[in-house]
Amino acid sequence: AVAVQLTLSNIVLAVPCVLMGATLPTLARAVERADDPGRAELGLVYGVNTLGAVLGCTVTTFFFLEFFGVRASLWFAAGLNVLIGLAARSRARRSAVLPPETDAPDEHTGGEARAAPVGFVYLASTVVGFAFFSMELVWYRMFAPLLGGSSYSFGLILTVALLGIGGGAAIYGRRGSQRRPSVAGFAVTCALEAALIAIPYGVGDDLAVVTLVLRDLQAFGFGGLVLGWACVTMLVVLPPALISGYQFPLLVGLLGSGRRRVASQVGATYLCNTIGAILGSILSGFGLLVALGATQLWLVMIVVLLILALGAFGMALVRREGGGAARGWVLAASGVALVSMFGEGPTSAWRHSPIGAGRVSKKVLGSQQLFKNFRRTYQGSVFWEADGRESSVALLDSDGFAFAVSGKVDGHTVGDLPTTVMSGLIGASMHPNPRLGFVIGLGTGSTAGWLAQVPTMERVDVVEFEPAIRRVAEVSGPVNEDMLSNPKVRLLYGDGREVLMTSDDQYDVVFSEPSNPYRAGIASLYSQDFYRSAVTKMTDRGVFVQWVQTYEIDALTIKTAIATMKTVFPLVEIWSTKFGSDILLVGFKSDEPYSLAEIETRAQQYPYREGLEAAWGVSGVGGMLSGFIAGGAATEMIADQYGDFVDTDDSPILEFGFSRTVGRAGLGVSRDEIVAVAQQYGGGLPNTDAPVPVAAMNDAVDARRMFRTGKTRGLPSTTSPTTPEAIRARARAAAAAKDYAGALALWASQPGALRHPGDFQWHAMASAKEKIPEDPKVAEVLARAFPVQLELTRAVRHTDRGTADALAEQLVVVFNSARAHPLYDAESMRSAFTLAKNVAEGVPARAMRLLEALEEPFSLHRLDRDRITLMLTLSKRANSNAWCRNALHQFEPYTPWVGSILRRRVACYEEGDDPLAVLAREEYAEFLSTQTPPF
């Protein structure tokens, strides 16, 4: 696939790029003087040419593409080239023709010998091209978490790199006329470049701190945010880019002086430099970056430049060119590079924290203690990390696994179940006979895994752009129905749009959940052109489901997404999966109504029933329809009003809209706000073939809200307080307010009042608190849907019986169950941890029994930090140094930067004569000294 992509890219780009490459040698021949010993004119023209590229890159990134589109920008560039060509032709007619290049000595230079062997110059040009372009890949990868990874940030990095190259060439042009360049001088530039690349590595996470501080410039709008990005980028990229720009005319100057053979020498040097750049892009991008990782590749490029510097300086010494000044510069710069290489370098606090997405508070800079704790939290949370082909990926321990892509969390094994489980099932529930499914984005694998459980489904193709994400799906087996082992699932790697367009199949359900649209390239999966192509790959009753975020976004952007999709699909509905977080735009190839009876039947069967229970805490047809927000009437009117705001490949307005709002505090659109707006545009009901049970649907919406957030919405003013739905809503509200007796009375007042699994959870807890015997029906439902929660309520029943041993044994059951089942309420489990502390007080045997149950992590590593902290407390109750060290070793090497834990660590390790005792004492002493602001 890569070979095909490279071939197609060459077909499009080869000819214009070859012609572009010919311009510099031509210009050099035209402007170079015969009496220029250092070929300074070449430096000036190369610098001006590159600074022109800076202007083009800046204007295109921040203006042309957004306001004029891709096609107009391309035509503008083409037209500008035509004008330049006509101007050059006009100028040529009035100028004297230069004599052809020969090997004969120039009358003004006397034909001085070359300052360096031709082979060395071409090899050096190849190596510096390889190193600089490899570093560009490293910079792109490393800056994505800091700047956000949007098209703006990618264009900014390129702009700064070009600015440095152009500036360096211009500096050479100002100095090059004074003397001939030397090999020793080239050695100095290589050593300096190595040092300037190494210093940001040595600075490490402090650069992330600078980025965080500069985000305050966002107060001045998007321009202020870009200014902050530019400052950070310049700190890292500009200095080595200046040296790189200085090197190219210097290398050409080593081959000769003046005008003699300048065009051919520039062309040959340029060719070698470009070959090095191509090798750097291909070998590093497709091999070294994945095999070594970005930080290690960073170090390797420093070493490559140092070797080149030392080799060049050795040649200079042999040729008796290396003076004392050059020797001092090479040694000093090499020393700085080596010292910086042995620094800590960027850690997870840079690489996997969402600074670029604006989700790290400046409060972490309030004191050295807070900042250290912030770093330790991210460092200690990394369960696994890798540099993939397209991005950095990490599994973060965050009450379950969150997976971060280039610093931004793209999904959570537990927290995102409402979206990942239900998105595919919603689409399948509306299709009369779903057989083939297509999922864009692997993530935790939950969407593909649950969709593949649909009985009629014969195959689900899931396409992932980043192969490293497979590891995320592997560890998410407990929530994705062991997707990777399902023979009905076919995992493909590549661009989801490309794979769908080249498939020979027609799909019944297509679900698109790529990363956030502000990420460079992602918005192409939200364009009208993509939808037009996708609809041709769908069966007659095909359903297309598009995920859209509702956080860090304004209403206009959401309406643009709706209007874009409505231009292709005859019917578009709006559904929700997570309150205040995710919505789905569901497009239908046919506007023929879907079967309500079929949805009702499926809602009682696997996997729909289990999916509704696990993800939304609801059941039945009302539970399935609780995801509905607005129907075709609303989306039709939105499309009519916002028809001019359509996202296309030519005009990717969604990408820029998302990019401008990402990380803006307080910006977002809630589900209730979307409902209100939809009602203004006609609202409507689902496009079913029978009347929708509105009361049941609204009741399930209330139950979902309670299940996920522990909060109720309150009764609508038009709802009678005596209706069954109103009674259930009042019961939920009472349970949320901890009025357990009142909640139980309301549930008991109406036969069959318990409808949804979320209600069963609250009923079980209320019964346990009130010491009412366990309801067998409630226990049966919870045993199937939430077994850990059932055991937690049983533990609560033991608290007043005076049977502490029974409570301890029930807590052992709870902890053992949590190792097998990942779905339970985190706050309920933390309450169980408190019970464990209390019941073990003064009874070492109970503490030991509980410690044995806590030794292994829970499923998906949920509440890992809380579990280990509890183990520390229980080890003290058990008077066991061995268990204390067992717990602390699970924190190593990133023990939480908390005084009580660090102090306990010292005492525990010293008592147990642990080899880590010395480190523990040093870090506790450091903690005691970190009570002042770091900046």
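Residues numbered from 1 in each chain as written. Predicted model: local features only at pLDDT ≥ 70, side-chain atom pairs only at ≥ 80, totals over all residues. Heavy atoms only, no water.

Participant: What am I meant to see in the environment of F154 here?
Facilitator: Mapped onto the secondary structure, F154 falls in helix α5 (residues 151-175). As a C-alpha pair, F154 and F143 span eleven residues in sequence and 8.8 Å in three-dimensional space. (Helix = DSSP H or I, 4+ residues; strand = E, 2+ residues; numbered from the N terminus.)

Participant: What's the story with the pairing of strand β5 (residues 436-440) in this structure? I'm lost.
Facilitator: The two faces of the sheet receive side chains in turn, since in a regular strand these alternate between them. Most of β5 is tucked away, with five of its five residues classed as buried. The two faces of β5 match: L436, F438 and I440 on one face and G437 and V439 on the other face are all buried. Alignment of β5 against strand β6 (residues 459-464), held across five bridges, turns out to be parallel. Bridging from a neighbouring strand, I440 pairs with V463 of β6. For the segment spanning β5, helix α16 (residues 446-451) and β6, crossover handedness is right-handed. Where β5 lies against strand β8 (residues 507-512), four bridges are found, and the strand directions are parallel. Note that in β8 the partner of V439 across the bridge is F511. (Buried < 20%, exposed > 50% of the residue type's maximum accessible area, 1.4 Å probe, protein only. Pairing = 2+ DSSP bridges. Right-handed = clockwise from strand over helix to strand, strands pointing away.)

Participant: Would you explain the nonpolar core in this entry?
Facilitator: As a rule of thumb, soluble globular proteins bury nonpolar side chains together. Of all hydrophobic cores here, the largest spans 128 residues; its most connected members are M422, F544, F569, W575 and L585. Broken down by element, the residue count for this core peaks at six residues, all from strand β9 (residues 538-549). (Core = buried A, V, L, I, M, F, W, Y, C linked by side-chain atoms within 4.5 Å.)

Participant: Help me out: how do you make sense of the pairing of strand β10 (residues 571-578) in this one?
Facilitator: Counting buried residues along β10, eight of its eight residues qualify, which places the element largely inside the surrounding structure. Both β10 and strand β11 (residues 582-588) contribute to a ladder of seven bridges, which runs antiparallel. Along β11, the bridge assignment pairs E573 with V586. Here β10 folds back onto β11, and the loop between the two strands holds three residues, one of which, G580, carries a positive phi near 70°. As paired elements, β10 and strand β12 (residues 628-630) share two bridges and run antiparallel to each other. Bridging across to β12, W575 finds its partner in F628.

Participant: Sorry, what's going on with the confidence of the model for the protein chain here?
Facilitator: Should the pLDDT be low somewhere, the predicted coordinates at that spot are not to be read in detail. Across the protein chain, the average pLDDT comes to 89, with 95% of residues at or above 70. In the model, residues 106-112 has pLDDT below 50 throughout and makes 14 contacts with residues more than four positions away in sequence or in other chains. (pLDDT = per-residue confidence, 0-100. Contact = heavy atoms within 4.5 Å.)

Participant: What should I look at first to understand the sheet that holds β8 in this one?
Facilitator: Strand-to-strand pairing in sheets goes through backbone hydrogen bonds, with the strands running parallel or antiparallel. Within the open sheet, the eight strands sit side by side as β7-β6-β5-β8-β9-β11-β10-β12. Their pairing is mixed. Among the strands making up the open sheet, the edge pair consists of β7 (489-493) and β12. Pairwise comparison of adjacent strand axes, ignoring direction, gives a mean angle of 20° for this sheet. Bridging between β8 and β9 involves five bridges; their strand directions are parallel. Across the sheet, F511 pairs through a bridge with V545, a residue of β9. (Axes fitted to C-alpha atoms, helices over the stretch in contact; angles between N-to-C directions.)

Participant: It is not clear to me how the sheet that holds strand β2 (residues 392-397) should be interpreted in this structure. Could you clarify?
Facilitator: Sheet architecture is open: four strands sit in the order β1-β2-β3-β4, paired in antiparallel fashion. The strands lining the two open edges of the sheet, one partner per strand, are β1 (382-387) and β4 (408-412). Going across the sheet, the axis of each strand differs from the next one's by a mean of 20°, ignoring polarity. Examined bridge by bridge, β1 and β2 share five bridges and lie antiparallel to one another. Within β2, the residue paired with W384 across the bridge is L395. Of the strands in this sheet, β1 and β2 touch helix α13 (residues 368-381), which is tilted by about 75° from β1.

Participant: Hey, could you run me through the state of the cysteines in this one?
Facilitator: Simply put, the disulfide is a covalent bond whose two ends are the sulfur atoms of two cysteines. On inspection of all chains with the given rule, the structure shows one disulfide. Between the sulfur atoms of C884 and its disulfide partner C908 the distance amounts to 2.4 Å. Of the two residues, C884 is situated in helix α37 (residues 881-891) and C908 in helix α38 (residues 899-911); the sequence distance between them amounts to 24 residues. In this pair, the class of C884 matches that of C908, namely buried. No disulfide involves C190; its sulfur sits 15 Å from that of C272, the nearest cysteine. Distance from the sulfur of C231, which forms no disulfide, to the nearest cysteine sulfur (C57) is 17 Å. (Disulfide = S-S within 2.5 Å.)

Participant: Explain a nonpolar patch on the surface here, please?
Facilitator: On the surface, L6, L271, I275, I278, L279, I282, L283 and F286 cluster together to form a nonpolar patch covering roughly 670 Å² of accessible area. Here the element with the most residues in the nonpolar patch is helix α9 (residues 262-292); it accounts for seven residues. Locating I275 in the fold gives a position in helix α9. A residue is classified by how much of its surface remains accessible, and I275, at 38% relative accessible area, is partly exposed. (Patch = residues over 30% accessible without salt bridge, like charges linked within 9 Å, V, L, I, M, F, W, Y side chains within 5 Å. Areas by Shrake-Rupley, 256 points an atom, 1.4 Å probe, with all protein chains shown as cover. Salt bridge = Lys/Arg side-chain N within 4 Å of Asp/Glu carboxyl O.)

Participant: Please clarify how the packing of helix α2 (residues 40-67) against α5 should be interpreted in this entry.
Facilitator: Packed helices, taken two at a time, are described by the angle their axes make and the gap between the axes. Between α2 and α5, the shortest axis-to-axis distance is 7 Å and the interhelical angle comes to 160°. The orientation of α2 relative to α5 falls into the category roughly antiparallel. Taken as a pair, α2 and α5 cross one another with a handedness that is left-handed. Considering only residue class, the contact of α2 with α5 consists of 17 nonpolar, eleven polar and two charged. (Parallel < 35°, antiparallel > 145°, perpendicular 65-115°, else oblique. Left-handed = near helix turned anticlockwise from the far one by under 90°. Nonpolar A, V, L, I, M, F, W, Y, C, P; charged D, E, K, R; others polar.)

Participant: Would you explain the side chain of S423 in this entry?
Facilitator: Note on placement: S423 falls in helix α15 (residues 422-429). Looking at S423, its side chain comes within polar contact range of the main-chain oxygen of T419, at 2.5 Å. Once residues within four sequence positions are removed from consideration, S423 is found in contact with F511, V545, T577 and L584. (Polar contact = N/O pair within 3.5 Å; in protein donor to acceptor, adjacent residues only side chain to side chain.)

Participant: Got a minute to help me understand the environment of A208 in this structure?
Facilitator: Summarising the element assignment, A208 is placed in helix α7 (residues 206-214). Separated by 139 residues in sequence, A208 and T347 have C-alpha atoms that sit 9.9 Å apart.

Participant: Is there a simple way to think about helix α29 (residues 740-748) in this case?
Facilitator: Because an α-helix completes one turn every 3.6 residues, residues spaced three or four positions apart along the sequence face the same direction. Restricting attention to buried positions, one finds in α29 the residues Y740, A743, L744, L746 and W747. The buried side chains of α29 occupy one side of the element, clustering within an arc of 160° when seen end-on. Looking at the buried side of α29, the elements it contacts are α28 (724-736) and α30 (757-769). (Arc of directions from axis to C-beta.)

Participant: In this structure, what is going on with the packing of aromatic side chains? I would like to understand it.
Facilitator: Each aromatic ring pair is characterised by the separation of its centres together with the angle its planes make. Counted by the stated rule, this structure contains 34 aromatic pairs. Here the aromatic rings of Y531 and F544 are separated by 5.5 Å at their centres, their planes lie at 80°, and the arrangement is edge-to-face. Taken together, the residues span a long stretch of sequence, with Y531 in helix α19 (residues 528-535) and F544 in strand β9 at a distance of 13 residues. Assigned by exposure class, Y531 and F544 land together as buried. One aromatic cluster is present, built from ring pairs that chain together F63, F64, F67, F68 and F76. Geometry around F579 places R705 over its ring, the cationic atom sitting 4.6 Å from the centre. Sitting over the face of the ring of Y824, R862 holds its NZ or CZ atom 4.3 Å from the ring centroid. (Phe/Tyr/Trp six-rings, centres within 6.5 Å; stacked < 30°, edge-to-face > 60°. Lys NZ or Arg CZ within 6 Å of the ring centre and 35° of its normal.)

Participant: Looking at this structure, how should I read unusual backbone geometry?
Facilitator: Glycine aside, residues mostly have negative phi angles, and peptide bonds mostly take the trans form. Cis geometry is adopted by the peptide bond preceding P607, which originates at Y606 and carries an omega value of 5°. Turning to its location among the elements, P607 is positioned in the loop between α21 (596-602) and α22 (608-616). Of note, the amide linkage connecting E892 to P893 takes the cis form, showing an omega dihedral of 0°. Relative to the elements of secondary structure, P893 occurs in the loop between α37 and α38. Positive phi values are uncommon outside glycine, yet D482 reaches one of about 50°. Among the secondary structure elements, D482 is positioned in the loop between α17 (470-475) and β7. With phi around 55°, L863 is a residue other than glycine that occupies positive phi space. Inspection of the secondary structure assignment puts L863 in the loop between α35 (844-854) and α36 (864-877). Using a relative accessible area of 2% as the deciding quantity, one classes L863 as buried.

Participant: Where do I start with the environment of Q750 in this structure?
Facilitator: Relative to the elements of secondary structure, Q750 occurs in the loop between α29 and α30. Judged by relative accessible area, which is 13%, Q750 ranks as buried. Along the sequence, Q750 and Q810 sit 60 residues apart, while their C-alpha atoms lie 32 Å from each other. Leave out the neighbours within four places in its chain, and Q750 touches P724, I727 and R728.

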